[in-house]
Amino acid sequence: MFSSFPLRVASLMFLLCGLLVGCSSGQGLAGRVVNAQSPGGRLVKTADNDPLSIPGRRVSGATIELIRDPKSMNRRVISRTQSGSDGTFVLDVDAFGAGWMVEEWLFRCSHPRNKTIEFFGKMPSNLSNFLLVFDMTPGTSSPGIPDMDAERERMREELERYGR
């Protein structure tokens, strides 16, 4: 007698694989880096979705990073890009659950001639309706986490020093 159990299990596996493949957003978060009077970062809801409409003098060559689980030992850089000559950028957000899972993200922008900007925020569910804006001010750049392996090593040393 033929059992339908293996067929059901196979169907369930294909369904789960399809869901996992479809759950990563695969979208980009557009934005702009500008010089401003006061430093900061923000997500701006916009109707026209034009990064060039953000006022301020452009900052080219800035490094923008998106960090998942920034307050945990499992933090990692999900995406990294650089601003173009007009200060605009598109940060690829291709991470499972980004935008629909409730979690905190760290948005970081660094430039050699400007102060590093970091802010914590929730990833918007529809990236095309938002712009990521960094307002930078002149000053010395503070070191970020350019190498996550070095950061993990630093955290491991801290754990050993202060106990488990």
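Scoring rules and cut-offs
- Residues numbered from 1 in each chain as written.
- Predicted model: local features only at pLDDT ≥ 70, side-chain atom pairs only at ≥ 80, totals over all residues.
- Heavy atoms only, no water.
- Helix = DSSP H or I, 4+ residues; strand = E, 2+ residues; numbered from the N terminus.
- Buried < 20%, exposed > 50% of the residue type's maximum accessible area, 1.4 Å probe, protein only.
- Areas by Shrake-Rupley, 256 points an atom, 1.4 Å probe, with all protein chains shown as cover.
- Salt bridge = Lys/Arg side-chain N within 4 Å of Asp/Glu carboxyl O.
- Pairing = 2+ DSSP bridges.
- Axes fitted to C-alpha atoms, helices over the stretch in contact; angles between N-to-C directions.
- Core = buried A, V, L, I, M, F, W, Y, C linked by side-chain atoms within 4.5 Å.
- Contact = heavy atoms within 4.5 Å.
- Phe/Tyr/Trp six-rings, centres within 6.5 Å; stacked < 30°, edge-to-face > 60°.

### As for the overall build of the chain
Part 1 of the reasoning: In terms of helices and strands, the chain carries 2 helices and 9 strands.
Part 2 of the reasoning: Beginning at the N terminus, the succession of helices and strands in the chain can be written as α-β-β-β-β-β-β-β-β-β-α.
Part 3 of the reasoning: Looking at the chain as a whole, 36% of its 164 residues are labelled buried.
Part 4 of the reasoning: Surface accessibility of the chain: about 10000 Å² in total, with carbon and sulfur atoms responsible for 56%.

### So, the pattern of salt bridges
Part 1 of the reasoning: Summed over all chains, the structure comprises 4 salt bridges.
Part 2 of the reasoning: Between Glu65 and Arg80 there is a salt bridge, and its shortest N-O distance comes to 2.7 Å. Here Arg80 lies in strand 5 (residues 76-82) and Glu65 lies in strand 4 (residues 63-68), a separation of 15 residues in the sequence.
Part 3 of the reasoning: With relative accessibility at 5%, the residue Glu65 sits in the buried group.
Part 4 of the reasoning: The partner of Glu65 in a salt bridge is Arg108, and the shortest N-O contact between them spans 3.1 Å. Taken together, the positions of Glu65 in strand 4 and Arg108 in strand 7 (residues 105-111) put the pair 43 residues apart, joining distant regions of the chain.

### Quick word on the sheet that holds strand 4
Part 1 of the reasoning: Read across the open sheet, the 4 strands follow the order 5-4-7-8; overall the sheet is antiparallel. At either end of the open sheet lies a strand with only one pairing partner, and these are strand 5 and strand 8 (114-121). For this sheet, the mean inter-axis angle between neighbouring strands, taken without regard to orientation, is 15 degrees.
Part 2 of the reasoning: Here strand 7 runs beside strand 8; their pairing, made up of 6 bridges, is antiparallel. Looking at strand 8, one finds that Cys109 is bridged to Ile117.

### A look at the nonpolar core
Part 1 of the reasoning: Ranked by internal contacts, the top residues of the largest apolar core, which has 19 residues, are Val33, Ile64, Phe107, Cys109, Leu132 and Phe134.
Part 2 of the reasoning: Mapped onto this core, the elements with two or more residues apiece are strand 1 (27-35), strand 4, strand 6 (88-93), strand 7, strand 8 and strand 9 (130-136).

### Some thoughts on the environment of Asn129
Part 1 of the reasoning: Considering the arrangement of structural elements, one finds Asn129 in the loop between strand 8 and strand 9.
Part 2 of the reasoning: Leave out the neighbours within four places in its chain, and Asn129 touches Val44, Lys45 and Thr46.

### Here we look at the environment of Pro112
Part 1 of the reasoning: Residue position: Pro112 is located in the loop between strand 7 and strand 8.
Part 2 of the reasoning: Note: C-alpha distance between Pro112 and Thr63 (49 residues apart in sequence) is 9.5 Å.

### Topic: the environment of Asn35
Part 1 of the reasoning: Assignment of secondary structure puts Asn35 in strand 1.
Part 2 of the reasoning: As for Asn35 and Pro55, which are separated by 20 residues in sequence, their C-alpha atoms are 9.2 Å apart.
Part 3 of the reasoning: For Asn35, the contacting residues outside a window of four places in its chain are Gly56, Arg57, Val59, Asn114 and Met136.

### Notes on the packing of aromatic side chains
Both the distance between ring centres and the angle between the ring planes are used here to describe each pair of aromatic rings.
Part 1 of the reasoning: Tallied over the entire structure, the rule returns 3 aromatic pairs.
Part 2 of the reasoning: Geometrically, the ring pair formed by Phe89 and Phe134 is tilted, given 6.5 Å between the ring centres and 35 degrees between the ring planes. With a gap of 45 residues between them, Phe89 in strand 6 and Phe134 in strand 9 connect regions that are remote in the sequence. Grouping residues by exposure puts Phe89 and Phe134 together as buried.
Part 3 of the reasoning: Joined through ring pairs, the aromatic side chains of Phe89, Phe107, Phe119 and Phe134 make up one cluster.

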